[in-house]
Amino acid sequence: MQNGCIDSTSQTVLIERPQPPAVSLSGFNPKYCSADPAFTLNALPAGGILFANGRKISTTISPSDLGTGLIQLKYAFKPSSACLDTIYATGQFTITESPRIVGLQDVSLELGSSVQLSVSGAATYRWTPETGLSNPNIANPIASPTQSTLYTVEGKDISGFCSSEASMTIGIFENLFVPTLITANGDGKNDKWEIQGLKTRKIRKIEIFDRWGKKIIEFTSVNDSWDGGDYPAGT
C-alpha cells in the first residue's frame, strides 16, 4: 500500500502431471529346457533395456545362452518426461538342462542275429519303432530286426519335462550262397537253383550261362529260381 493505493499482481503456474506409461513384459512361459528354440519377449513400450539376472540381453532369448535355474527378468523404461522416473516391469522363468543322449552309432547285422543297443544321459527312454526290440522302454534293449531299420530313442529327464532324441540305423545283410549245381530229382534237396542271401539286397538281374558261355536264363527278382528246365545233366 502506498499513498492509500493497493497494488497487486498474479501469475499462472502450469504444473505438469504426466501419466506414466504402462510398462510390461510378456510372451514367455514359466519353464523352458536348455535345448528349446529361441523365443522373443514382448517388452513394452519399446526402447527400454532388458536384463536377465542382472545382465543386459536382447528380447530374443535362446535358453541355452542363459544357463539353467531361475532366470529373473527386469525391463527398465525411462519415459521422455523429466518428471517421471524409470519404470520397471519384472518376470521370471526357469531353465532345466535337456538330456544329452550318447552311445548310439550305426551298425551292420547279419539277418537272424541280435545286437544290444545302449544309451545314457537321460532318466527314462522310449524307442521307436518297437519292432524287433526286446523292450522299448529301457536304455539297453536287444535288437533283432529282420530288415534294415532306423531306430529313434527319446530320452526324458527325471521330471519328464525336458527331452531329446537320437537315432541310429541297423543295416541287415545276408551272406550270399551261390550254388554251383542242382539235382532236380524231386528229393527236396537242391531241386532248384536259388541264391541264398538276396532278401536284404536289391538286384538288377541275374544271368545263368552254361559251360560254353551261352546264356540259359535271366532273373530280375530275388524270388526267382530255376529247376533246370529241359537241359540235360552236366549242362
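Scroll up to find the structure.
It should be emphasised that the depicted structure is a prediction, and the values quoted were computed from it without experimental measurement.

(A) View of the overall build of the protein. Broken down by element type, the protein carries one helix and 17 strands. In the protein, buried positions account for 28% of the 235 residues. Long-range pairs, those at least 24 residues apart, make up 47% of the contacts in the protein between residues at least 6 apart in sequence. With an accessible surface of roughly 15,800 Å², the protein has 48% of that area assigned to carbon and sulfur atoms.

(B) Focus on the sheet that holds strand β8 (residues 69-77). Taken in spatial order, the five strands of this open sheet run β2-β9-β8-β5-β6, and their pairing is mixed. Two strands bound the open sheet, and with one partner strand each, they are β2 (31-33) and β6 (55-57). Between one strand axis and the next, the sheet turns through 35° on average, direction left out of account. By the bridge criterion, four bridges tie strand β5 (residues 49-52) to β8 in an arrangement that is antiparallel. Along β8, the bridge assignment pairs Leu 50 with Tyr 75.

(C) Quick peek at the state of the cysteines. Applying the stated criterion across every chain, the model contains one disulfide. Each sulfur in the disulfide pair Cys 33 and Cys 162 lies 2.0 Å from the other. Looking along the S-S bond of the Cys 33-Cys 162 disulfide, the torsion reads about -100°, which is the left-handed sense. Here Cys 33 is found in strand β2, whereas its partner Cys 162 is found in the loop between β14 (149-156) and β15 (163-173), with 129 residues between them in sequence.

(D) View of the packing of aromatic side chains. Tallying each qualifying case throughout the model produces four aromatic pairs. Taking 6.0 Å as the distance between ring centres and 75° as the angle between the ring planes, the aromatic pair formed by Phe 39 and Phe 93 counts as edge-to-face. Separated by 54 residues along the polypeptide, Phe 39 in strand β3 (residues 39-40) and Phe 93 in strand β9 (residues 87-96) bring together distant segments of the chain. On the basis of relative accessible area, Phe 39 is assigned to the buried category, the value being 12%. Members of the aromatic cluster, joined through ring pairs, are Phe 28, Tyr 32, Phe 39 and Phe 93. Above the ring of Phe 161, the side-chain terminus of Lys 31 is found at 4.3 Å from the ring centroid. A cation over a ring is seen here: Lys 74 above Tyr 88, with NZ or CZ 5.1 Å from the ring centre.

(E) Local environment of the side chain of Ser 81. Of note, Ser 81 is situated in the loop between β8 and β9. On the basis of relative accessible area, Ser 81 is assigned to the buried category, the value being 15%. Looking at Ser 81, its side chain comes within polar contact range of the main-chain nitrogen of Cys 83, at 3.2 Å. If we skip the residues at most four places from it in the chain, Ser 81 touches Glu 16 and Pro 18.

(F) A look at unusual backbone geometry. Residue Pro 45 is reached from Leu 44 by a cis peptide bond, and omega for that bond is -10°. Along the polypeptide, Pro 45 turns up in the loop between β4 (42-44) and β5. The step from Thr 128 to Pro 129 runs through a cis peptide bond, and the omega angle for that step is -10°. Residue placement: Pro 129 occurs in the loop between β12 (124-128) and β13 (142-143). In the Ramachandran plot, Asn 53 falls in the positive-phi region, its phi being about 55° despite a non-glycine side chain. If you trace the backbone, Asn 53 turns up in the loop between β5 and β6. Overall, Asn 53 belongs to the partly exposed group, its relative accessible area being 46%.

(G) Region of interest: the nonpolar core. With 19 residues, the main nonpolar core has Leu 25, Leu 41, Leu 66, Ile 71, Leu 73, Tyr 75 and Phe 93 as its most contacted residues. Among the secondary structure elements, those contributing two or more residues to this core are β5, β8 and β9. Every residue in contact with Ile 71, bar those within four places of it in the chain, is listed here: Ala 52, Asn 53, Leu 66, Gly 91, Gln 92, Phe 93 and Ile 95. Val 119, Ala 143, Val 153 and Ala 166 belong to the second-largest nonpolar core, a separate cluster that totals 14 residues.

What counts and how
- Residues numbered from 1 in each chain as written.
- Predicted model: local features only at pLDDT ≥ 70, side-chain atom pairs only at ≥ 80, totals over all residues.
- Heavy atoms only, no water.
- Helix = DSSP H or I, 4+ residues; strand = E, 2+ residues; numbered from the N terminus.
- Buried < 20%, exposed > 50% of the residue type's maximum accessible area, 1.4 Å probe, protein only.
- Contact = heavy atoms within 4.5 Å.
- Areas by Shrake-Rupley, 256 points an atom, 1.4 Å probe, with all protein chains shown as cover.
- Pairing = 2+ DSSP bridges.
- Axes fitted to C-alpha atoms, helices over the stretch in contact; angles between N-to-C directions.
- Disulfide = S-S within 2.5 Å.
- Phe/Tyr/Trp six-rings, centres within 6.5 Å; stacked < 30°, edge-to-face > 60°.
- Lys NZ or Arg CZ within 6 Å of the ring centre and 35° of its normal.
- Polar contact = N/O pair within 3.5 Å; in protein donor to acceptor, adjacent residues only side chain to side chain.
- Core = buried A, V, L, I, M, F, W, Y, C linked by side-chain atoms within 4.5 Å.

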